[in-house]
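Architecture and fold: a report
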Amino acid sequence: MFTIKNHLEVKNNHLLIGGADTTALAEQYGTPLYVTNETRVVENFSAYRNAFPKADIYYAAKANGSFAIMRILARQGAGADVFSYGELYMALLAGIPREKILFNGNSKTDFELQKAVELGVKVSVDSKDELRTLSEIAERTGKAAEIAFRVNPDVSTPTHPKISTGLRISKFGIPAEEVIDTYREASELPGIAPCGIHCHIGSQILDTEPFVEATQKMMDLVEGVVELGINLKFVDMGSGLGIPYKKGEKTPKPQDLANAILPVFNDRTKALGISPKLILEPGRYIVADTTLLLTRVNTVKIAAKNFVGVDAGFNLLIRPTMYDSYHHVVVANKASSPPEETYTIVGPICETGDIFAKDRELPRVEKGDLIALLDTGAYGFSMSSQYNGRPRCAEVLVKDGESDVIRSAEGIEDLMAKQRLPARLM
Ligand code: LLP
């Protein structure tokens, strides 16, 4: 037995996750199949908690909204960053206390704002329109709305442009230079209790420097807000810590992030004589490397490239198509065989961009082999669709060699579930 990447092991040429043989899981549950290792979820969450013992860790539900995963994290004491009423509902149902939930979003509906106030969760306000709507709702319902403002800190991040969120031109947040005025307005509005400040600069960031810059800029703003006489109970620095998708890639860990930003946060809050709670909102780091997408080889075609056609498509994992993301590939039933050939792994979707991995050195691949796409726990299933008439696959949770279905596979009936024919087409 040897370790291939983090918690993933190889035994008798087969890839194992959480002590379970992936080839057996594929036989038992069918493919495609998402498989998550519960122990690894807990390990990753603990790494954050240990690096930031005084902070609150709000799991970013968008990364992986599976109810079982939310439940595991709720039991670990996680809070939640939610971006819709759906995520809010799931987080509460999973047992995350309302005091540890922040409702984020740049374009919330009035219904969502109403729900946030009714359920008593904090709201990260992204615009003045939203602020005024919240004030009306708070007045109407007689419940104060606890808010933070999402700040656009204008920090550039070395990541894919589609997941950089703190640039000046980004749609998120209130421009830094308007923030103080916005707090002033908020403190005068009925029903509004400004009690925090929030930012998020992007995702899959592989350097701590942008986080330090964001912390400094946020603390400058905190100073201005405190001067207004506002009691800031929390400073939420969002998330964005990347993970090593490529084998051997060196990336900062939560402890490196803590070493980089805590001195700034602690010094500045001490100088101001305040003690707000630090909140962090990791998604990717907690779940990305916990999960594999298992997919069966339908066909191997030797053409301009050696194409391996598998049974999962970008309807199940859109990251490579959308962000040119790299996911490590293992032939799960030949996991310790030496590489022999270069292959491009493609899905069955009717689009040229339906490519999971280009030009990978792998053992000889044949029809019926099992491919594992690694590090697919974040923004994998949660971004899935039924494109091309493809029901979504099942999700399985493993722990110490045992497995349970945590989401059953959709069937053809799910493609039709919500569709209706007008009478004239009957
Ligand atoms: N907080 C806020 C306000 C966010 O917008 C996000 C992610 C997070 C926290 C969590 O960030 P993380 O720890 O996961 O980096 N679909 C893309 C990533 C989109 C990230 C959106 N916001 C991907 O697959 O790479």
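Along each chain, residue indices are assigned from 1 in the same order as the chain's sequence is written. Totals for whole chains, interfaces and linings use every residue, but because this is a predicted model, local features are given only for residues with pLDDT of at least 70 and side-chain atom pairs only at 80 or more, for both listing and counting. Side-chain descriptors were evaluated using all non-hydrogen atoms of the structure, hydrogens and water having been removed beforehand.

Let us now look at the layout of surface pockets. Here a cavity denotes a set of grid points, spaced 1 Å apart and computed over the protein atoms alone, in which a 1.4 Å probe fits but from which it cannot get out, and a pocket denotes an open set meeting protein on both sides within 12 Å along at least five of seven lines; residues with an atom within 4 Å of a point are reported as lining. Grid points are joined across faces, edges and corners, and a volume is the space filled by probe spheres set on the points. Here the largest pocket defines a volume of roughly 920 Å³. Lining the largest pocket are 44 residues, with Lys 62, Phe 83, Tyr 323, Tyr 379 and Met 383 positioned closest to its centre. Strands here mean DSSP runs of E at least two residues long; helices mean DSSP runs of H or I at least four residues long; both are numbered from the N terminus. Taken together, the elements giving at least two residues each to the lining of the largest pocket come down to α4 (85–94), α10 (284–287) and α11 (319–323). Tallied by class, the residues present in the lining of the largest pocket amount to 15 nonpolar, 17 polar and 12 charged. Polarity classes work like this: nonpolar for Ala, Val, Leu, Ile, Met, Phe, Trp, Tyr, Cys and Pro, charged for Asp, Glu, Lys and Arg, and polar for all others, with Gly in that last group.

Attention now goes to the sheet that holds strand β2 (residues 8–11). DSSP calls a pair of strands paired once it identifies at least 2 bridges connecting them. With respect to topology, 4 strands assemble into an open sheet ordered β1-β2-β3-β4, the strand pairing being antiparallel. The strands lining the two open edges of the sheet, one partner per strand, are β1 (2–5) and β4 (20–21). Strand direction decides the pairing type here: strand β3 (residues 14–17) and β4, joined by 2 bridges, are antiparallel. Note on β4: the bridge partner recorded for Ile 17 is Ala 20.

It is worth spelling out the pattern of salt bridges at this point. Salt-bridge detection follows one rule: a side-chain nitrogen of Lys or Arg within 4 Å of a carboxyl oxygen of Asp or Glu. Across all of its chains, the model carries 23 salt bridges by this definition. In this structure, Lys 128 and Glu 185 form a salt bridge, with 3.6 Å as the shortest nitrogen-oxygen distance. Taken together, the residues Lys 128 in helix α6 (residues 128–141) and Glu 185 in helix α7 (residues 179–188) connect sequence positions 57 residues apart. Only protein chains enter the accessibility calculation, which uses a 1.4 Å probe; a residue is then buried when its area is under 20% of its type maximum, exposed when over 50%, and partly exposed in between. Classification of Lys 128 as partly exposed rests on a relative accessible area of 30%. For Glu 410, the salt bridge is made with Arg 392, and the minimal N-O distance between the two is 3.0 Å. Within this pair, whereas Glu 410 is found in the loop between β22 (402–407) and α12 (412–416), its partner Arg 392 is found in the loop between β20 (370–373) and β21 (394–399), the two being separated by 18 residues in sequence. For Glu 410, a relative accessible area of 24% translates into the label partly exposed. By relative accessible area, which is 21% here, Arg 392 ends up partly exposed. Counted as one network, the salt bridges with shared partners bring together Arg 40, Glu 43 and Asp 289.

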